[in-house]
Amino acid sequence: MSTETAAETLDVKGQNCPMPVIKTKGAFDDLPVGETLEIVSTDSGSMSDIGGWAESTEGAELVDQQEATEGGQDVYKHYVRKTE
Amino acid sequence: MSTDTPASPPDDLDPEAVADLQARIEALETEVSDLQSEVDDSGSQKMVIIATKGTLDMAYPPLILASTAAAFGYDVTLFHTFWGLEILHEENSKNLQLSSVGNPNMPVPNAIAALPGMDRMTTRMMRNKIDDNDVASIEELIETSLASGVELQACQMTIDLLGYDEDDFYDGVTTGVGAASAFQDMVDADIQLLV
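Residues numbered from 1 in each chain as written. Chains lettered and ligands numbered in written order. Predicted model: local features only at pLDDT ≥ 70, side-chain atom pairs only at ≥ 80, totals over all residues. Heavy atoms only, no water.

A. Layout of the overall build of chain A. Along the backbone of chain A there are 2 helices and 4 strands. For a compact globule of 84 residues, the expected C-alpha radius of gyration is about 12 Å, and chain A comes in at 12 Å, within 12% of that figure. With the C-alpha coordinates of chain A rotated into their principal frame, the extents come out at 35 × 25 × 15 Å. Counting only residues that meet the buried cut, chain A has 40% of its 84 residues in that class. (Helix = DSSP H or I, 4+ residues; strand = E, 2+ residues; numbered from the N terminus. Rg over C-alpha atoms; globule rule 2.2 N^0.38 Å. Buried < 20%, exposed > 50% of the residue type's maximum accessible area, 1.4 Å probe, protein only.)

B. The arrangement of helix α6 (residues 138-147) of chain B in detail. When we look at burial in α6(B), the residues that qualify are B:Ile138, B:Leu141, B:Ile142, B:Thr144 and B:Ser145. Down the axis of α6(B), the sector holding all buried residues measures 165°, keeping them to one side. Buried residues belonging to α6(B) abut α1 (19-30) of chain A together with α2 (56-71), α3 (85-88) and β3 (151-155) of chain B. (Arc of directions from axis to C-beta. Contact = heavy atoms within 4.5 Å.)

C. Layout of α2(B). All names here are of chain B. In this model, α2 (16 residues) spans 23 Å end to end at C-alpha, consistent with the 22 Å of a helix rising 1.5 Å per residue. For α2, a buried count of 12 out of 16 residues is recorded, marking the element as mostly surrounded by other parts of the structure. If you check which residues of α2 are buried, you get Leu 56, Ala 59, Tyr 60, Pro 62, Leu 63, Ile 64, Ala 66, Ser 67, Thr 68, Ala 69, Ala 70 and Ala 71. Positive phi shows up at Gly 73, right after α2, with a value of about 85°. (Expected span 1.5 Å × (residues − 1).)

D. Inspection of the interface of chain B and chain A at higher detail. Listed as interface residues are 14 residues of chain B and, on the opposing side, 12 residues of chain A. Taken together, the two surfaces of chain B and chain A that pack against each other cover about 990 Å², and 66% of this comes from carbon and sulfur. It is B:Ala71, B:Phe72 and B:Asp134 that lose the most area in chain B upon contact with chain A, and together they represent 48% of the buried surface on that side. On the surface where chain B and chain A come into contact, there are 0 salt bridges. Where chain B touches chain A, the interface holds 3 residue pairs in polar contact (both at pLDDT 80 or more). Mapped onto the side of chain B that touches chain A, the elements with two or more residues apiece are α2 and α6 of chain B. A per-element tally of the side of chain B that touches chain A places α2(B) first, with 5 residues. Partitioning the side of chain B that touches chain A into residue classes produces 7 nonpolar, 5 polar and 2 charged. (Buried area = accessible area lost by both parts, 1.4 Å probe. Salt bridge = Lys/Arg side-chain N within 4 Å of Asp/Glu carboxyl O. Polar contact = N/O pair within 3.5 Å; in protein donor to acceptor, adjacent residues only side chain to side chain. Nonpolar A, V, L, I, M, F, W, Y, C, P; charged D, E, K, R; others polar.)

E. View of the pattern of salt bridges. Residue and element names in this part refer to chain A. Taken as a whole, this structure holds 5 salt bridges over all chains when the rule is applied. The partner of Glu 61 in a salt bridge is Arg 81, with the nearest N and O atoms 3.3 Å apart. One end of the pair, Glu 61, is in strand β3 (residues 60-70); the other, Arg 81, is in strand β4 (residues 73-82), and 20 residues separate them in sequence.

F. Molecular detail of the sheet that holds strand β2 (residues 75-80) of chain B. Residues and elements named next belong to chain B. Strand order in the open sheet formed by 5 strands is β4-β3-β2-β1-β5, with parallel pairing between adjacent strands. Only two strands of the sheet have a single neighbouring strand rather than two, namely β4 (174-177) and β5 (191-194). Geometrically, the sheet is characterised by an average inter-axis angle of 20° between neighbouring strands, direction not taken into account. The sheet contact formed by strand β1 (residues 46-51) and β2 spans 6 bridges and is parallel. When the sheet's bridge partners are listed, Ile 50 is paired in β2 with Phe 79. Its contacts with the sheet put helix α8 (residues 179-188) on β1, β2, β3, β4 and β5, and the angle it makes with β1 is roughly 140°. (Pairing = 2+ DSSP bridges. Axes fitted to C-alpha atoms, helices over the stretch in contact; angles between N-to-C directions.)

G. Representation of the sheet that holds β4(A) within the structure. All names here are of chain A. The strand order β1-β2-β4-β3 describes an open sheet built from 4 strands, whose pairing is mixed. Across the chains shown, the open sheet's two edge strands, defined by having one partner strand only, are β1 (8-12) and β3. Strand-to-strand twist of the sheet, defined as the mean angle between neighbouring strand axes without regard to direction, takes the value 20°. Across the face of the sheet, helix α2 (residues 46-56) comes into contact with β2 (36-41), β3 and β4 while running at roughly 165° to β3.

H. Geometry of a nonpolar patch on the surface. Residue and element names in this part refer to chain B. Together, Phe 82, Trp 83, Met 157 and Leu 161 give the surface a local cluster of nonpolar side chains, amounting to about 440 Å² of exposed area. If you trace the backbone, Met 157 turns up in helix α7 (residues 156-161). What makes Met 157 partly exposed here is its relative accessible area of 49%. (Patch = residues over 30% accessible without salt bridge, like charges linked within 9 Å, V, L, I, M, F, W, Y side chains within 5 Å. Areas by Shrake-Rupley, 256 points an atom, 1.4 Å probe, with all protein chains shown as cover.)

I. How the structure looks around the packing of aromatic side chains. All names here are of chain A. This model, assessed by the stated rule, comprises 2 aromatic pairs over all chains. With centroids separated by 5.3 Å and ring planes inclined at 85°, the aromatic side chains of Phe 28 and Trp 53 adopt a geometry described as edge-to-face. With a gap of 25 residues between them, Phe 28 in helix α1 and Trp 53 in helix α2 connect regions that are remote in the sequence. We note that Phe 28, like Trp 53, is buried. The ring of Phe 28 is capped by Lys 82, whose NZ or CZ atom sits 5.2 Å from the centre of that ring. (Phe/Tyr/Trp six-rings, centres within 6.5 Å; stacked < 30°, edge-to-face > 60°. Lys NZ or Arg CZ within 6 Å of the ring centre and 35° of its normal.)

This is a description of form; function is not addressed.
And the structure:
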């Protein structure tokens with residue numbers, strides 16, 4: 001899955017636990033069914049947190065997680081699809 | 001072959017016993033459907049945290065867990081009592097302190113930590129660390145919790161005991177609640193924590 005297929009992008013760079021998960025939940029609630037949400041975070045804990053959140057949230061499917069370096073900063077990207 | 005119940009019972013059965021059985025089946029069916037709707041009604045899971053501490057470090061865990069549990073779809077009640085009230089006190093919450101005395105994790109010996117102004121200094125160090133690490137402020141976590149539907153409660157007995165007024169607390173904080181309502185919430189909850 002690439003970024004082009006994500007309907008919405010949530011930028012939570014510069015925010016630490018628990019904000020990425022909480023903001024993800026908020027953005028996911030507004031997402032239409034069938035669409036994918038991209039979450040961009042600088043919190044390394046978000047890999048486990050957002051993965052765990054998607055796993056225990058009905059209608060949320062973790063499509064992909066990626067680590068990248070952008071502008072000398074570690075960035076964690078998550079793709080969550082709304083299935084129902 | 002059909003497994004449907006025949007419209008009329010065979011002749012060799014006592015009609016009264018059959019009617020009796022049918023009545024019992026109906027009663028059981030009603031009971032099962034009542035129980036089913038009860039299970040459906042209590043669909044979402046619940047967590048209750050009792051927050052009793054009012055230092056900067058102890059203010060974080062209840063708020064972080066509460067807002068996170070809400071993101072997981074939990075109904076969350078955060079019941080604040082004793083020094084936990086400081087977290088909900090709009091003015092005091094911005095001034096929560098870290099105690100340097102009796103805290104072996106602080107980089108100063110107790111004899112020095114007890115000197116005047118030391119708590120203020122260690123608190124300032126901690127606040128700088130909080131800012132540097134992009135950790136949310138207590139105020140931000142309270143607003144996030146309220147926006148996520150977390151029920152923030154302030155124990156009425158300790159509000160009176162500590163001489164606070166209902167208006168001292170953030171908008172959206174529930175006052176006028178006591179141990180009984182906290183207990184009832186705990187009985188219904190899947191997770192209960194005392195912090």
